[in-house]
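Examining the three-dimensional arrangement
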Amino acid sequence: QVQLVESGGGSVEAGGSLRLSCAAFGQTVCMAWFRQAPGKEREGVARIYTANSNTLYADSVKGRFTISRDNAKNTVYLQMNSLKPEDTAMYYCAARLAPPCAGFLPATYGYWGQGTQVTVSS
């Protein structure tokens, strides 16, 4: 079993930055950030393979968001820069306990955090 605890959401103006944190209580192999806006499907934003730090990003956030990890703290971060109003959503941390660490299919991630709201105003 793994527990994921997110923090760091909030409100910011367009062009601003936020950093989300996800503390994992338990061993994980693959950790990802998803987001879901009202009326829209949950979409993958970024994921990291904890064994080698291999990362994958959605096209919509490439060059603006960075996913990273601190193994000592068993925590994954999502640094979000140049935020846009369309980034407004509930952001969720997700984890897999075994490989592969592939794409962004939500059903392949067995553990989820409670979510943290990010609101970007224009």
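So, here is what we can say about the structure in this document. (Residues numbered from 1 in each chain as written. Predicted model: local features only at pLDDT ≥ 70, side-chain atom pairs only at ≥ 80, totals over all residues. Heavy atoms only, no water.)

**Section: the packing of aromatic side chains**
Note on aromatic pairs: each is described by the distance of the centres and the angle between the planes. Taken as a whole, this structure holds 3 aromatic pairs when the rule is applied. Here Phe34 and Phe104 contribute two aromatic rings whose centre-to-centre distance is 6.2 Å and whose plane-to-plane angle is 85°, an arrangement assigned as edge-to-face. Taken together, the positions of Phe34 in strand β4 (residues 30-36) and Phe104 in the loop between β9 (89-96) and β10 (111-112) put the pair 70 residues apart, joining distant regions of the chain. When the ring of Phe34 is compared with that of Trp112, the centres are 4.9 Å apart and the planes differ by 55°; the resulting orientation is tilted. (Phe/Tyr/Trp six-rings, centres within 6.5 Å; stacked < 30°, edge-to-face > 60°. Helix = DSSP H or I, 4+ residues; strand = E, 2+ residues; numbered from the N terminus.)

**Here we look at the environment of Asn81**
Of note, Asn81 is situated in the loop between β8 (75-80) and β9. Residue Asn81 is classed as partly exposed on the basis of its relative accessible area of 29%. For the pair Asn81 and Tyr49, spaced 32 residues apart in the sequence, the C-alpha separation amounts to 22 Å. Once residues within four sequence positions are removed from consideration, Asn81 is found in contact with Gly16, Ser17, Arg64 and Phe65. Of the polar contacts made by the side chain of Asn81, one reaches the side chain of Ser17; its length is 2.9 Å. (Buried < 20%, exposed > 50% of the residue type's maximum accessible area, 1.4 Å probe, protein only. Contact = heavy atoms within 4.5 Å. Polar contact = N/O pair within 3.5 Å; in protein donor to acceptor, adjacent residues only side chain to side chain.)

**Describing the nonpolar core**
Judged by nonpolar contacts, the single largest core of 28 residues is most densely connected at Met31, Trp33, Leu78, Met80 and Tyr91. Elements that contribute at least two residues to this core include exactly β3 (18-25), β4, β5 (43-49), β7 (65-70), β8, β9 and β11 (116-121). Core analysis: the next-biggest nonpolar cluster, separate from the first, contains 6 residues, Cys30, Ala32, Cys101 and Tyr109 among them. (Core = buried A, V, L, I, M, F, W, Y, C linked by side-chain atoms within 4.5 Å.)

**As for unusual backbone geometry**
Across the chain, the bulk of peptide bonds are trans and the bulk of non-glycine residues have phi less than zero. Note that the residue after Pro99, namely Pro100, is joined by a cis bond; omega there is 5°. Counting through the fold element by element, Pro100 comes out in the loop between β9 and β10. If you check the backbone angles, Ser53 has positive phi at about 65° while not being a glycine. Positionally, Ser53 belongs in the loop between β5 and β6 (54-57). Accessibility expressed as a relative area gives 32% for Ser53, which makes it partly exposed. In this structure, Asn74 takes a positive phi of about 50° despite not being glycine. You can see Asn74 is positioned in the loop between β7 and β8.

**Some remarks on the pattern of salt bridges**
A complete count under the given rule lists 4 salt bridges for this structure. Arg64 is the partner of Asp87 in a salt bridge, and the nearest nitrogen-oxygen pair spans 2.7 Å. Pair noted here: Asp87 is in the loop between β8 and β9 and Arg64 is in the loop between β6 and β7, with a separation of 23 residues, a long-range link. Taken as a pair, Asp87 and Arg64 share a single burial class, namely buried. Ionic contacts of the salt-bridge type, sharing partners, join the residues Arg35, Glu43, Arg64 and Asp87 into one network. (Salt bridge = Lys/Arg side-chain N within 4 Å of Asp/Glu carboxyl O.)

By themselves these figures say nothing about function.
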